[in-house]
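This is what each chain is made of:
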Amino acid sequence: MHEDPRDQILAFGTAISEGAAPDPALDAWRDLEVRQAPAWADEADFRAAVAELSQVPPLVFAGEVDVLRTRLADVARGEAFLLQGGDCAETFAGSTANRISARVKTILQMAAVLTYGASMPVVKMGRIAGQYAKPRSSDTETRDGVTLPSFRGEIVNGFEFTEEARRHDARRMVTAYHTAASTLNLVRAFTQGGFADLRSVHQWNRGFMENPAHKKYERIAAEIDRAVRFMAAAGADFEAMRRTEFYAAHEALLLDYERALTRLDSRTGTPYATSAHFLWIGERTREVDGAHVDFLSRVRNPIGVKLGPSTTVDDVRALADRLDPEREPGRLTFIARMGASKIRDVLPGIVEGVRGEGLQPVWVTDPMHGNTITAANGYKTRRFEDVMDEVSGFFEVHRGLGTHPGGMHVELTGDDVAECVGGADPVAEADFDARYETLCDPRLNHQQSLELAFKVTDALAH
Ligand code: PEP
Ligand code: MN
């Protein structure tokens, strides 16, 4: 058993120096190519925003980040499963109590299904409280003959198609920080205050219409209930179950924001990004000599890297050498997003290729980003069957190689949106006009998310 992580958090919770870390190595990225960087419209606003963010309290603490690394080391060894989920792009207006709680509940439900069905501890992590920056394939967008800067996430500019909204406004970084702080505060309250208690496993399912995934969930919840009642009758202490660890993660795309929120751990002098527990590098910014890899190689947080279908073994080895030179279990997570039609061909060579390198990364499947298509009516969508197929492929590859299929990374919402087509209570393209809400990529809705959890549970348990 692990020590109770809360003891460590209390002990080390304040072990972060005040103010931006004064370490020149943390600025080395500025001399490298910085892909996807905004062109801030106003230099004075930019300076003021960075100065402010350099002095604000950290959102997460070094001790929590260290506990997460040990949890991810368990995943790397095959003893736990990592579940990462949340919006493609969080919005400021969408950061309301109801929406945040719906998303957290969805992740807790998925985790309950997985933990119970596969008898495996689940590390729960949201794409939450910082997922505001988006990489774009084009700098501009043209509509009806008008060309404006692309939407880059609300930490950079607004979604509305006007010149004013699309301006790169550095003051948005400060709004992002405050929105992240209030979001994370609510997540902490939910997960530490009794809401995540396994004895509430039924309540997480309330408020949703009857459908196949919810019915199946009710059956599992009833079984968990029975097990809990049995344990209680046998004298088990449920105090520990009142709380659950829940970690915050986002793509570390906007280095101006990440750098300003980096602090030194006063125990060790080591830099920690304090914007989130876990940060990942996206498919478009993972070049080994680039700014993003350089910056993230210098902070102590666990780091993820997305791997698309063009990834080579050399890429992965070079990334591991930069990001995890000490081969520290839990430090490095590879998130494969190959597409359903490619994963079975591309992933085996990559997993094999790092095996001899003394590496034991966490292997995660992102079954969303390699399966994006444009629907006949123009909406960006994904087929639920492709998502399921990529997950199956991921499990097949790892089963074939004897490695651990360590986790899943999904874009989801707790709401009843229509963005991905298919599922047991199928979403059709005709539903998009009424229930398509994402500002960026299409997400699984609540019941599609649960269905996916059942699928993964079956794969993990067999
Ligand atoms: C994302 O996670 O929203 C994203 C942009 O992913 P990727 O870097 O894998 O394309
Ligand atoms: Mn996305």
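Residues numbered from 1 in each chain as written. Chains lettered and ligands numbered in written order. Predicted model: local features only at pLDDT ≥ 70, side-chain atom pairs only at ≥ 80, totals over all residues.

Enquirer: Describe the UniProt feature "binding site: phosphoenolpyruvate" (unreviewed entry) in the chain, listing the residues and the values that go with them.
Expert: The UniProt feature table records "binding site: phosphoenolpyruvate" (unreviewed entry) at Arg127, Glu283, Arg284, Lys306 and Arg337. Within the element layout of this structure, arginine 127 appears in strand β2 (residues 122-127). The class for arginine 127 is buried, based on 27 C-beta atoms found within 10 Å. Beyond its immediate stretch of four places on either side in the chain, arginine 127 contacts Gln84, Gly85, Gly86, Asp87, Ala249 and His250. (UniProt positions renumbered as here; feature names shortened; annotations may be inferred. Helix = DSSP H or I, 4+ residues; strand = E, 2+ residues; numbered from the N terminus. Buried ≥ 20, exposed ≤ 12 C-beta atoms within 10 Å, placed from the backbone. Contact = placed C-beta atoms within 7 Å.)

Enquirer: Any chance you could break down the nonpolar core for me, citing the residues and the numbers?
Expert: The nonpolar side chains of a soluble globular protein tend to be buried, and buried together. Formed by 118 residues in total, the largest nonpolar core has its most connected members in Leu82, Leu83, Leu114, Ala276, Leu279, Leu296 and Leu347. With nine residues, helix α4 (residues 97-118) is the largest single contributor of residues to this core. Sequence-distant contacts of leucine 296, defined by excluding residues within four places in its chain, comprise Ala252, Leu279, Ile281, Ile303 and Leu323. (Core = buried A, V, L, I, M, F, W, Y, C linked by C-beta atoms within 7 Å.)

Enquirer: Which residues make up the sheet that holds strand β14 (residues 407-411), and what are the values?
Expert: Reading around the circumference, β1-β2-β5-β8-β9-β10-β11-β14 is the order of the eight strands in this closed barrel, with parallel pairing throughout. Here the average twist between neighbouring strands, direction ignored, is 25°. One ladder, built from three bridges, connects β2 with strand β5 (residues 247-251); its direction is parallel. What sits directly across from methionine 125, in β5, is tyrosine 247. (Pairing = 2+ DSSP bridges. Axes fitted to C-alpha atoms, helices over the stretch in contact; angles between N-to-C directions.)

Enquirer: Before we move on, could you go through the site of ligand 1 and cite the residues and values that matter?
Expert: Surrounding ligand 1, one finds Cys88, Pro135, Glu251, Gly282, Glu283, Arg284, Lys306, Arg337, His369 and Asp441. Of the residues assigned to the shell around ligand 1, the class counts are two nonpolar, two polar and six charged. (Near = placed C-beta within 6 Å. Nonpolar A, V, L, I, M, F, W, Y, C, P; charged D, E, K, R; others polar.)

Enquirer: Quick rundown of the pairing of strand β4 (residues 146-149)? Include the residues and the values.
Expert: Pairing between strand β3 (residues 140-143) and β4: four bridges, direction antiparallel. Across the sheet, glutamate 141 pairs through a bridge with leucine 148, a residue of β4. Where β3 hands over to β4, the hairpin turn is made up of two residues, of which aspartate 144 adopts a positive phi near 45°.

Enquirer: Let's hear about the pairing of β2: which residues, and what values?
Expert: Side chains on a regular strand alternate between the two faces of the sheet. Judged by how many residues are buried, β2 sits mostly within the fold: six of six residues are covered. Burial of the side chains of β2 extends over both faces: Val122, Lys124 and Gly126 are buried on one face and Val123, Met125 and Arg127 on the other.

Enquirer: Hey, could you go over α4 for me, with residue numbers and the actual values?
Expert: Counted at 1.5 Å a residue, the expected span for α4 with its 22 residues is 32 Å, and the 31 Å between its end C-alpha atoms agrees. Serine 119 lies just past α4 and shows a positive phi near 50°. (Expected span 1.5 Å × (residues − 1).)

Enquirer: Lay out the UniProt feature "binding site: Mn(2+)" (unreviewed entry) in the chain in plain terms, naming residues and giving numbers.
Expert: When the UniProt feature table is mapped onto this chain, "binding site: Mn(2+)" (unreviewed entry) is found at Cys88, His369, Glu411 and Asp441. Annotated residues spanning 354 residues; largest pairwise C-alpha distance 10.0 Å, indicating a single compact cluster. You can see cysteine 88 is positioned in the loop between β1 (81-86) and α4. Given 22 C-beta atoms within 10 Å, cysteine 88 falls into the buried group. In this view, cysteine 88 contacts Glu411, Thr438, Cys440, Asp441 and Arg443; residues no more than four positions away in its chain are not counted. With respect to the helices and strands, glutamate 411 occurs in strand β14.

Enquirer: An account of the packing of α4 against helix α7 (residues 212-233) is requested, with residue identities and associated values reported.
Expert: Their axes nearest at 10 Å, the elements α4 and α7 cross at an angle of 60°. Relative to α7, α4 is oriented oblique. Here α4 runs over α7; the crossing is left-handed. Along the contact surface, α4 presents Gln109, Ala112, Val113, Tyr116 and Gly117, while α7 presents Tyr217, Ile220, Glu223 and Ile224. Across the contact of α4 with α7, the residue classes tally to six nonpolar, two polar and one charged. (Parallel < 35°, antiparallel > 145°, perpendicular 65-115°, else oblique. Left-handed = near helix turned anticlockwise from the far one by under 90°.)

Enquirer: Lay out the confidence of the model for the chain in plain terms, naming residues and giving numbers.
Expert: Note: predicted coordinates in regions of low pLDDT should not be interpreted at a detailed level. Here the chain shows a mean pLDDT of 93. Residues at 70 or above account for 96%. The weakest mean pLDDT in the chain belongs to helix α1 (residues 5-12) at 43; the strongest belongs to strand β8 (residues 278-281) at 99. This model gives residues 1-14 a pLDDT under 50, and the stretch forms 17 contacts once residues within four places in sequence are excluded. Per the prediction output, this complex has pTM 0.95; the corresponding ipTM is 0.99. (pLDDT = per-residue confidence, 0-100.)

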